[in-house]
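# Observations on the model geometry
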Number of protein chains: 2
Amino acid sequence: MPRIDSAQRIDRKAAILDAAERCFVRSGFHGASMSDICGEAGMSPGNLYRYFPSKEAMIEGLCERDFAELGAGFSALARAPDIWEAFEALARFHMIEEPRESCQLWVEIMSEVARNPQIGALRKKIDQFIETKIRFALEMARDRGQTAPDADLDPAVQFLITYADGLMLRRARDVNFDPKPHVALMFSILRSMLLPPATPASARLTTP
Amino acid sequence: MPRIDSAQRIDRKAAILDAAERCFVRSGFHGASMSDICGEAGMSPGNLYRYFPSKEAMIEGLCERDFAELGAGFSALARAPDIWEAFEALARFHMIEEPRESCQLWVEIMSEVARNPQIGALRKKIDQFIETKIRFALEMARDRGQTAPDADLDPAVQFLITYADGLMLRRARDVNFDPKPHVALMFSILRSMLLPPATPASARLTTP
DNA sequence: AAAAAGAGAATGAACATTCATTTTTATGAG
DNA sequence: CTCATAAAAATGAATGTTCATTCTCTTTTT
């Protein structure tokens, strides 16, 4: 087992995760066999095990990578000149441009989250990170006068997270689901929550 | 193999599905073994196989039962005197009163839907059924003057379905997620879509 | 006493992982 | 440049386990 991860080794690991991802989408984390993954990666089991010590480690590596990519997208929000535009671009990317397979993997990961404490911990971190970033972006938008000055941001943040999850789930389960108009609807609702008249008090979340 | 399903036999099958459900929530459809299920059901494998011919058949049976229960709830909507109230009661039931385990099973089922054509077909049927029932209920509400007369129902229907899925996913993945305020937010948004002023044209779904 | 319900050991396939071995790559002395 | 050699990369058959399913036998019910 090599001490350091050379660039080549990192590439190889990424390629293995790509292959594993295809298998997992096809058959699920527990339905896909190591033999399937070896076949998809064009690699013998003996060799594959030099890169990942177990199937568990591969699942964890895949979740880590997925979460990291998601986090990077949200990190970039704060740096965007136009926040609304950046938000819409990010949503378009995750819900429309990314293939449906990403949504299937997302649902698979979510159903693993409750079972596997290791992955559950990763999920918690990324969830909190994303929530913070969305909140921060909306605050920036408000400071720049791009929302109503007294807009209540909490319900908007919660709405976005929940609705995005719903879109992922619907896209994953229905081949014919076209996310485009649904993303448009999401932003239309978000605007109606943040632009003039403020959300009525009855709709505020007390303990979100 | 008995020709007919006596009442006793149906009860027994239901009890087996209950046990299987607990195992599936704990370990997933493919992580739970028949031996686990036999243990949970207090039954030998030889006997269990008299009720379900295979594990596959048990998973299918469980999905069928879950979908049927869901459908029954939505069927009842049309018969309710106050549709808003009935709607809120149904949402409260599925999102709040039902234990978190139901949401975990829902996510598990959804990730199976894409892989297993048998279950995929069941999903399609129930999805269309629910959409029809929600639409019908909203139409009734509009006819009774409980919404704006020119309210655009399509976006509202799609919003409800997507948001409910999002809530299920969030509750499944986060033990600390409290659905109560989120269901309130859902209805607050729904009301703002259906009560005066009508949803702006830009938010309409063209091909939902 | 026949039929239904149930038990639990047996079976064979599939699986994750390991191991003995071979092939490739990189290195440096002649 | 070239060849010897050691490290790294890769192979695929072997291993031991787990699992879904079956089979034979016993108990309970009618």
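For the structure, check the block above.
Residues numbered from 1 in each chain as written. Chains lettered and ligands numbered in written order. Predicted model: local features only at pLDDT ≥ 70, side-chain atom pairs only at ≥ 80, totals over all residues. Heavy atoms only, no water.

## Quick word on the overall build of chain A
When you go through chain A residue by residue, the secondary structure sums to nine helices and zero strands. Along its sequence from the N terminus, chain A presents helices and strands in the succession α-α-α-α-α-α-α-α-α. Taken along the three principal axes of its C-alpha coordinates, chain A extends 65 × 40 × 30 Å. Taken over 208 residues, chain A has a buried fraction of 51%. When contacts within chain A are restricted to residue pairs at least 6 apart in sequence, long-range pairs at least 24 apart make up 72% of them. For chain A, the computed accessible surface area is about 9600 Å², with 54% contributed by carbon and sulfur atoms. (Helix = DSSP H or I, 4+ residues; strand = E, 2+ residues; numbered from the N terminus. Buried < 20%, exposed > 50% of the residue type's maximum accessible area, 1.4 Å probe, protein only. Contact = heavy atoms within 4.5 Å. Areas by Shrake-Rupley, 256 points an atom, 1.4 Å probe, with all protein chains shown as cover.)

## Quick look at the interface of chain B and chain A
Listed per partner, the contact involves 44 residues of chain B and 46 residues of chain A. When the two sides are added together, the surface that chain B and chain A hide from each other amounts to roughly 3700 Å², 60% of it contributed by carbon and sulfur. When the buried area of chain B at its contact with chain A is split by residue, Arg115(B), Thr162(B) and Arg173(B) rank highest and sum to 18% of it. Across the contact surface, chain B and chain A share eight salt bridges. In this structure, Arg123(A) and Asp174(B) form a salt bridge, with 3.8 Å as the shortest nitrogen-oxygen distance. Taken together, chain B and chain A are joined by ten residue pairs in polar contact (both at pLDDT 80 or more). Taken together, the elements giving at least two residues each to the side of chain B that touches chain A come down to helix H1 (7–27), helix H6 (100–113), helix H7 (117–143), helix H8 (153–173) and helix H9 (179–194) of chain B. (Buried area = accessible area lost by both parts, 1.4 Å probe. Salt bridge = Lys/Arg side-chain N within 4 Å of Asp/Glu carboxyl O. Polar contact = N/O pair within 3.5 Å; in protein donor to acceptor, adjacent residues only side chain to side chain.)

## Considering the protein's contact with DNA strand D
What surrounds DNA strand D is a group of 17 residues, the closest being Asn47(A), Tyr51(A), Met34(B), Tyr49(B) and Lys55(B). Counting only the atoms of DNA strand D that lie within 4 Å of the protein, the sugar and phosphate share comes to 66%. Between DNA strand D and Ala32(B), the relevant distance is 3.5 Å, taken from a phosphate oxygen to a main-chain nitrogen or oxygen of the residue. One of the side-chain N or O atoms of Lys55(B) is found 2.8 Å from a phosphate oxygen in DNA strand D. Counting only elements with at least two residues in the surface near DNA strand D, the list comes to helix H3 (45–48) of chain A together with helix H2 (34–41) and helix H3 (45–48) of chain B. Residue composition of the surface near DNA strand D, grouped by class: seven nonpolar, seven polar and three charged. (Near = heavy atom within 4 Å. Nonpolar A, V, L, I, M, F, W, Y, C, P; charged D, E, K, R; others polar.)

## What about the relation of the copies chain B and chain A?
The operation relating chain B to chain A is a screw motion whose rotation component is 180°, with 0.0 Å of axial translation and a residual RMSD of 0.0 Å. Taken together, these values place the two copies in the relation of a two-fold axis. For chain B, the minimum C-alpha distance to the rotation axis belongs to Gly166(B) and amounts to 1.8 Å. Of all interface residues in chain B, 100% are interface residues in chain A too; the two copies therefore contact each other through one and the same surface. (Least-squares fit on C-alpha atoms with pLDDT ≥ 70 in both.)

## Notes on the packing of aromatic side chains
For the structure on display, the rule yields ten aromatic pairs over all chains. Judged by centre distance (4.9 Å) and plane angle (85°), the ring pair of Phe24(A) and Phe29(A) falls under edge-to-face. Summarising the burial analysis for this pair, Phe24(A) and Phe29(A) share the class buried. Geometrically, the ring pair formed by Tyr163(A) and Tyr163(B) is tilted, given 6.4 Å between the ring centres and 35° between the ring planes. Taken together, the residues Tyr163(A) in helix H8 (residues 153–173) and Tyr163(B) in helix H8 connect one chain to another. Take Tyr163(A): its relative accessible area is 0%, and that puts it in the buried class. (Phe/Tyr/Trp six-rings, centres within 6.5 Å; stacked < 30°, edge-to-face > 60°.)

## Concerning the protein's contact with DNA strand C
With respect to spatial proximity, 16 residues lie near DNA strand C, and among them Met34(A), Tyr49(A), Ser44(B), Gly46(B) and Tyr51(B) are the closest. Backbone atoms, meaning sugar and phosphate, form 65% of the atoms of DNA strand C found within 4 Å of the protein. One of the backbone nitrogen or oxygen atoms of Gly46(B) is found 3.1 Å away from a base oxygen of DNA strand C. Those elements that provide at least two residues to the surface near DNA strand C are H3 of chain A together with H3 of chain B. A total of three residues in the surface near DNA strand C trace back to one element, the largest contributor, which is H3(B).

## Some points on the packing of H1(B) against H2(B)
Residue and element names in this part refer to chain B. The N-to-C vectors of H1 and H2 enclose an angle of 130°; their axes lie 8 Å apart at closest approach. Between H1 and H2, the angle falls in the class oblique. The element H1 and its partner H2 pack so that their crossing is right-handed. Contacts between H1 and H2 involve Ala19, Ala20, Arg22, Cys23, Phe24 and Arg26 from the first element and Asp36, Ile37, Glu40 and Ala41 from the second. For the contact of H1 with H2, the class distribution of residues is six nonpolar, no polar and four charged. (Axes fitted to C-alpha atoms, helices over the stretch in contact; angles between N-to-C directions. Parallel < 35°, antiparallel > 145°, perpendicular 65-115°, else oblique. Left-handed = near helix turned anticlockwise from the far one by under 90°.)

## Some thoughts on the environment of Phe187(A)
All names here are of chain A. Looking at where phenylalanine 187 falls in the secondary structure, it is placed in helix H9 (residues 179–194). The spacing of phenylalanine 187 and glycine 166 is 21 residues in sequence and 14 Å in space, taken between C-alpha atoms. Setting aside chain neighbours within four positions, we find phenylalanine 187 in contact with Trp84, Phe87, Glu88 and Ala91.

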